[in-house]
Amino acid sequence: PPSAMAWSLVASLSAALLASSGAAAPAAPARPVPRVALPGGAQMPMVGLGLCCRPTASGDAVRQSVLDFLLLGGRHLDDAELYKNHHEVGLGIQQAIVQGVPREEIFFTTKIDVPNFGFERVLEWVPKMLGELGLDYVDLVLLHWAGGDDEVCGTARQCRLETWLALQRFWRGGQIRSLGVSNFGPRQLKEIQALQGAPIAVNQLEFHPWAEEPHRETVAFCHQQGIAVTAYGSMGSSGGAGQLTAEEAFKQLGAPHGKTAGQVLLRWAVQQNITVIPGTGNPKHMRENLDVFDFALPAEGMDFMDSLRQGQTFNLFGHVPDKIP
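Just so it is clear, the structure is predicted and the values come from calculations on it, not from any experiment. (Residues numbered from 1 in each chain as written. Predicted model: local features only at pLDDT ≥ 70, side-chain atom pairs only at ≥ 80, totals over all residues. Heavy atoms only, no water.)

## What to know about the overall build of the chain
Then, number 1: What the chain contains, in helices and strands, is 12 helices and 10 strands.
Then, number 2: Out of the 325 residues belonging to the chain, those deemed buried represent 52%.
Then, number 3: Taking as baseline every contact in the chain between residues at least 6 positions apart, the subset at least 24 positions apart corresponds to 75%.
Then, number 4: When the accessible surface of the chain is summed, it comes to about 13,600 Å², and 54% of that surface belongs to carbon and sulfur atoms. (Helix = DSSP H or I, 4+ residues; strand = E, 2+ residues; numbered from the N terminus. Buried < 20%, exposed > 50% of the residue type's maximum accessible area, 1.4 Å probe, protein only. Contact = heavy atoms within 4.5 Å. Areas by Shrake-Rupley, 256 points an atom, 1.4 Å probe, with all protein chains shown as cover.)

Dropping the structure here:
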């Protein structure tokens, strides 16, 4: 991977080009984004930028998206090994740092993919991941999902527990500041808690007003256990966002506050102490996604949105908490 000096040089050149073009940093959000306290003292911003599953999540477009988001005042980036963009995302982070964004303010999440589960594989993966990003540490690493049987580490349960134990080495060494999981249910979470090692800081899963009952039960369990929840698919992801954000009822809920239907969907989540990570490459939409803390939905609005699941539920990505043994 490129050396730290090489990263710095590329970032410096980019900053110089931006300055010479006369481009100005976009305005910060109307109100600072609150942070959720994680076990161990870390603070996770409640709105992040998802870095998956769209044309602007790869190549130079994702580098620019990361830079735009950080210059707008966003501080939470959600990535994964599976997205295959660590190098470009890392370059965007380095460029933002050169332009004045403190590294300590940035909360960077990535996820380890199932093919790298297992003790020895993790020991190889973490230094490789840090090298791709050009970072000395990452703020949060998640097990991307509960996995499956493997000829090296055994059953799905054995593989994820081995993976957690190996990641703890880097947590203790400071290269990973917090550990968590994604798409896990209460039983799977309890298995990790039984190791009595690093606390589970975060569980990331699909969550929106139409979420199925296993997802709702998992969110309730996490809140009871002091595990922060991050939602993906808040606005229907790339496949359903156009339809959901066109819903007239959401527009009406947002209208008194000058907010869009998408902002209403995000506000519904953060008002329940759930972090959101909508993905976009459009700075205008980034700004809108960050601006969900200067209004609140009334109780009747929250009740209406909670009632939507009675008519329909859906699971966009197919992950079911606790389905994997």
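On we go from here.
## Quick notes on the packing of aromatic side chains
Then, number 1: The tally for this structure, following the rule as stated, stands at four aromatic pairs.
Then, number 2: An angle of 20° between the planes, with centres 5.4 Å apart, marks the rings of phenylalanine 207 and tryptophan 268 as stacked. A residue pair is termed long-range when its members are at least 10 positions apart, and phenylalanine 207 in the loop between β8 (200-206) and α7 (213-225) and tryptophan 268 in helix α10 (residues 261-270) qualify at 61 residues.
Then, number 3: Take tryptophan 268: its relative accessible area is 1%, and that puts it in the buried class. (Phe/Tyr/Trp six-rings, centres within 6.5 Å; stacked < 30°, edge-to-face > 60°.)

## Re the pattern of salt bridges
Then, number 1: Scanning the entire structure with this criterion turns up 12 salt bridges.
Then, number 2: The salt bridge partner of lysine 111 is aspartate 78, with a shortest N-O separation of 2.7 Å. Here lysine 111, found in strand β5 (residues 107-112), pairs with aspartate 78, found in strand β4 (residues 76-78); they are 33 residues apart in sequence, far enough to count as distant.
Then, number 3: Accessibility expressed as a relative area gives 1% for lysine 111, which makes it buried. (Salt bridge = Lys/Arg side-chain N within 4 Å of Asp/Glu carboxyl O.)

## Observations regarding the side chain of aspartate 113
Then, number 1: Within the secondary structure, aspartate 113 is located in the loop between β5 and α4 (119-133).
Then, number 2: For the buried residue aspartate 113, which engages in no salt bridge, the nearest side chain bearing the opposite charge is lysine 84, 6.3 Å off. (Lys, Arg positive; Asp, Glu negative; His and termini not counted.)

## With respect to the packing of helix α5 (residues 156-173) against helix α6 (residues 186-193)
Then, number 1: Interaxial distance between α5 and α6 falls to 10 Å at its minimum, and their mutual angle equals 45°. Looking at the two axes, α5 sits oblique to α6. In this structure, the crossing between α5 and α6 has a hand that is right-handed. Where α5 abuts α6, its residues Arg157, Arg160, Leu161 and Trp164 lie against Arg187, Gln188, Glu191 and Ile192.
Then, number 2: Looking at side-chain class alone, the contact of α5 with α6 contains three nonpolar, one polar and four charged residues. (Axes fitted to C-alpha atoms, helices over the stretch in contact; angles between N-to-C directions. Parallel < 35°, antiparallel > 145°, perpendicular 65-115°, else oblique. Left-handed = near helix turned anticlockwise from the far one by under 90°. Nonpolar A, V, L, I, M, F, W, Y, C, P; charged D, E, K, R; others polar.)

## So, the sheet that holds β4
Then, number 1: Strand order in this open sheet of eight strands is β3-β4-β5-β6-β7-β8-β9-β10, and the pairing throughout is parallel. What marks the edges here is a single partner per strand, and that holds for β3 (49-50) and β10 (274-276).
Then, number 2: In the sheet, β5 pairs with strand β6 (residues 138-143) via four bridges, with the strands oriented parallel. Note that in β6 the partner of isoleucine 112 across the bridge is leucine 143. (Pairing = 2+ DSSP bridges.)

## Comments concerning α10
Then, number 1: Counting buried positions along α10 yields 10 of 10 residues, so the element is predominantly enclosed.
Then, number 2: Restricting attention to buried positions, one finds in α10 the residues Ala261, Gly262, Gln263, Val264, Leu265, Leu266, Arg267, Trp268, Ala269 and Val270.

## As for unusual backbone geometry
Then, number 1: Although it is not a glycine, lysine 84 sits at a positive phi angle of roughly 55°.
Then, number 2: Mapping lysine 84 onto the fold places it in the loop between β4 and α3 (86-98).
Then, number 3: Even without a glycine there, the phi angle at asparagine 183 is positive, about 65°.
Then, number 4: If you trace the backbone, asparagine 183 turns up in the loop between β7 (176-182) and α6.

## Re the confidence of the model for the chain
Then, number 1: Looking at the chain, the pLDDT average stands at 90 and 88% of residues meet or exceed 70.
Then, number 2: Ignoring residues within four places in sequence, the model shows residues 1-25, a span with pLDDT below 50, making 25 contacts including any to other chains. (pLDDT = per-residue confidence, 0-100.)

## What about helix α12 (residues 299-307)?
Then, number 1: Where α12 is concerned, the buried positions are Gly301, Met302 and Met305. For α12, the buried positions fall inside an angular range of 100° around the axis, keeping them on one side. For α12, exposure combined with an orientation more than 90 degrees from the buried face picks out Ala299, Glu300 and Asp303.
Then, number 2: On its buried face, α12 sits against α9 (248-254) and α10. (Arc of directions from axis to C-beta.)

## Thoughts on the side chain of threonine 109
Then, number 1: With respect to the helices, strands and loops of the structure, threonine 109 is situated in strand β5.
Then, number 2: The class for threonine 109 is buried, based on a relative accessible area of 1%.
Then, number 3: Threonine 109 has contacts with His76, Leu77, Asp78, Asp79, Leu140 and Leu142, leaving out every residue within four places of it along the chain.

## What about the pairing of β5?
Then, number 1: Counting buried residues in β5 gives six out of six residues, a clear majority hidden from the surface.
Then, number 2: Along β5, one buried face is formed by Phe107, Thr109 and Lys111 and the opposite face, lined by Phe108, Thr110 and Ile112, is buried too.
Then, number 3: Following the chain from β4 across α3 to the adjacent parallel β5, one finds a crossover that is right-handed.
Then, number 4: Once the chain exits β5 it traverses α4 before rejoining the sheet at β6, and the crossover so formed is right-handed. (Right-handed = clockwise from strand over helix to strand, strands pointing away.)

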